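# Structural description and commentary
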Amino acid sequence: GFSNLAEVQRQQERKELIAAVKPEDMIIFAPPEPKATLTVFTDIDCGYCRKFHSQIAEVNKAGVRVRYMFFPRTGPATESWTKAEQVWCAADRRDALTRAKKGDTFKGKSCGDAAVKSQYELGSDLGVEGTPAIFTQNGDYVGGYLAPAELVQAIQESQKTAVAAR
């Protein structure tokens with residue numbers, strides 16, 4: 001089929017940018033043997049990000065590993081940004097993220113904004129506008145919030161197109 005060359009190029013760029021991120025620079029929720037990996041830009045204060053995270057166990061059960069990166073939509077020096085820093089600086093980031101998304105008051109200390117800043121900048125480079133912003137391993141931007149079943153479908157679609165494009 002006809003594919004938009006610019007979009008194919010963009011997808012390849014996104015794939016490479018995402019692949020370059022080290023696992024320790026993300027907060028990862030994974031099943032024992034992941035069948036697929038998503039990279040999700042998230043904002044602690046975004047309603048759909050919270051809804052997505054409340055279903056993380058179901059997403060993992062479907063064989064999907066979720067690698068979170070922060071994209072506080074309000075930008076630097078805002079409450080959402082500070083929360084992201086506090087979660088990032090916590091001893092147990094996954095627990096801190098879960099608690100923060102539940103709206104628990106969470107008194108963490110910041111260890112500087114370098115990590116959140118680089119995640120936010122990567123999100124901008126990838127074209128993230130809203131959160132959650134969900135990307136597949138192939139560099140497909142599958143959009144915002146999807147229920148676990150829809151998510152699995154989107155991943156399958158993305159994998160099909162990737163095979164077709166080879």
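Cut-offs applied
- Residues numbered from 1 in each chain as written.
- Predicted model: local features only at pLDDT ≥ 70, side-chain atom pairs only at ≥ 80, totals over all residues.
- Heavy atoms only, no water.
- Disulfide = S-S within 2.5 Å.
- Buried < 20%, exposed > 50% of the residue type's maximum accessible area, 1.4 Å probe, protein only.
- Helix = DSSP H or I, 4+ residues; strand = E, 2+ residues; numbered from the N terminus.
- Arc of directions from axis to C-beta.
- Contact = heavy atoms within 4.5 Å.
- Polar contact = N/O pair within 3.5 Å; in protein donor to acceptor, adjacent residues only side chain to side chain.
- Phe/Tyr/Trp six-rings, centres within 6.5 Å; stacked < 30°, edge-to-face > 60°.
- Lys NZ or Arg CZ within 6 Å of the ring centre and 35° of its normal.

### A look at the state of the cysteines
Across all of its chains, the model carries two disulfides by this definition. There is a disulfide in this structure between Cys-46 and Cys-49, and the S-S distance comes to 2.3 Å. Across the S-S bond of Cys-46 and Cys-49 the torsion is about 90 degrees, and the bridge reads as right-handed. When its relative accessible area of 2% is taken as the criterion, Cys-46 is described as buried. Residue Cys-89 pairs covalently with Cys-111 via a disulfide, S to S 1.9 Å. Taking the sign of the S-S torsion, -85 degrees for the link of Cys-89 and Cys-111, the bridge is left-handed. Of this pair, Cys-89 sits in helix 4 (residues 79-89) while Cys-111 sits in the loop between helix 5 (93-101) and helix 6 (114-126); the two residues are 22 residues apart in sequence, bridging distant segments of the chain. Take Cys-111: its relative accessible area is 51%, and that puts it in the exposed class.

### Concerning helix 5
Turning to helix 5, its buried residues number three or more, namely Ala-96, Leu-97, Ala-100 and Lys-101. Along the axis of helix 5, the buried positions cluster into a sector of 125 degrees, meaning they face one direction only. Where helix 5 is buried, its residues contact strand 1 (27-29), strand 2 (36-42), helix 2 (47-54), strand 3 (64-70) and helix 4. Measuring from the backbone nitrogen of Arg-94 back to the side-chain oxygen at the start of helix 5 gives 3.2 Å, which picks out Asp-92 as the cap.

### Remarks on unusual backbone geometry
The step from Thr-131 to Pro-132 runs through a cis peptide bond, and the omega angle for that step is -5 degrees. Inspection of the secondary structure assignment puts Pro-132 in the loop between helix 6 and strand 4 (133-136). Phi at Ala-77 takes a positive value of approximately 60 degrees, unusual for a residue other than glycine. For Ala-77, the position within the fold is in the loop between strand 3 and helix 4. On the accessibility criterion, Ala-77 (80% relative accessible area) is exposed.

### Re the packing of aromatic side chains
Inspection of every chain in the model, using the stated rule, returns seven aromatic pairs. Centroid distance Phe-71 to Tyr-120: 4.6 Å. Interplanar angle 20 degrees. Geometry classified as stacked. Residue Phe-71 is located in the loop between strand 3 and helix 4, and its partner Tyr-120 is located in helix 6; the two are separated by 49 residues in the primary sequence. The exposure class assigned to Phe-71 is buried, which follows from its relative accessible area of 5%. With relative accessibility at 18%, the residue Tyr-120 sits in the buried group. An aromatic cluster is defined as three or more aromatic residues linked by ring pairs; in this entry it consists of Phe-29, Phe-52 and Tyr-68. Note that Arg-93 overlies the ring of Trp-88, its terminal NZ or CZ placed 3.6 Å from the centroid.

### A closer look at the environment of Lys-51
In this fold, Lys-51 is placed in helix 2. Between the C-alpha atoms of Lys-51 and Ala-147, which are 96 residues apart in sequence, the distance is 8.9 Å.

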